[in-house]
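Residues per chain, in single letters:
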Amino acid sequence: MLKNLSKYHIVLASNSPRRRELLGGLGIDFEVKVLSDVDESYPADLPVGEIAEYIAVKKAEAYRQSMADDELIVTADTVVVCGGEVMGKPVDEADAYRMLRCLSGVRHSVTTGVCLTTCGQQRHFSVTTEVEFKQLSDEEIGYYVSRYRPFDKAGAYGIQEWIGYIGCTGLHGSYYNVMGLPVQRIYQELCLMAL
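Residues numbered from 1 in each chain as written. Predicted model: local features only at pLDDT ≥ 70, side-chain atom pairs only at ≥ 80, totals over all residues. Heavy atoms only, no water.

Side note on unusual backbone geometry
Leaving glycine aside, a negative phi is the common case for residues, and trans is the common case for peptide bonds.
Here is step 1 of the chain: Its identity as a non-glycine residue notwithstanding, R149 has a phi of 45°, on the positive side.
Here is step 2 of the chain: You can call R149 partly exposed: its relative accessible area is 41%.
Here is step 3 of the chain: Phi at A156 is positive, roughly 65°, even though this residue is not glycine.
Here is step 4 of the chain: Structurally, the position occupied by A156 is in the loop between α4 (138–148) and α5 (162–167).
Here is step 5 of the chain: For A156, a relative accessible area of 0% corresponds to the buried category. (Buried < 20%, exposed > 50% of the residue type's maximum accessible area, 1.4 Å probe, protein only. Helix = DSSP H or I, 4+ residues; strand = E, 2+ residues; numbered from the N terminus.)

Re the packing of helix α3 (residues 93–103) against α4
Here is step 1 of the chain: With their axes 10 Å apart at the nearest point, α3 and α4 run at an angle of 135° to one another. When the axis of α3 is compared with that of α4, the two are oblique. As for how α3 packs across α4, the hand of that crossing is right-handed. Contact residues: α3 offers E93, A96, Y97, L100 and R101, while α4 offers D138, I141, G142, Y144 and V145. (Axes fitted to C-alpha atoms, helices over the stretch in contact; angles between N-to-C directions. Parallel < 35°, antiparallel > 145°, perpendicular 65-115°, else oblique. Left-handed = near helix turned anticlockwise from the far one by under 90°. Contact = heavy atoms within 4.5 Å.)

Comments concerning the nonpolar core
Here is step 1 of the chain: Grouped together as the largest cluster of nonpolar side chains are 42 residues, with contacts concentrated most on L72, L100, L103, V114, L116, Y157 and L181.
Here is step 2 of the chain: Excluding its chain neighbours within four sequence positions, the residues that come into contact with L100 are L136, I141, Y144, V145, G155, A156 and Y157.
Here is step 3 of the chain: One finds I51, A52, I55 and V79 within the second-largest nonpolar core, a separate group that totals six residues. (Core = buried A, V, L, I, M, F, W, Y, C linked by side-chain atoms within 4.5 Å.)

Here it is, written out as structure tokens:
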């Protein structure tokens, strides 16, 4: 299993409490380190399915110069795509309302890109999950946005929160990926890195 990972000091480079919870669920020891102001821009012509992985790799590069020899850095980025629009985190309440209205009653995709980096190797990948929401009323959207303040979440929602309980009618792929970290795939890749 992962006992060979003991040669690494694993670092999760994310402020997300959901990512901390999910990585912790794998039963591995890690610490959280976050650099401020990491550039998360991407080329305008980049295919939407490649954006999250591109940003995860870009985040990893920001940590490379300060990495210790025994560190394994985990970086990730999640984007929601609906009708061709890439939705990151909403900039304000009005943007959160707009995003949730776009997602209401339709199928959208959630892609999380992950990059695992050591001084000697780097593995990166992305996982996509298809999610369907029922038609959400303005009252439901308003309740969710005012109560849960989803401004730190791609697409302005957390599947594990109230809006997921009442709104998600279908999901094809990894539920944990929609939460922000495809832990099954990370486990698989960590096993390969530990060889």
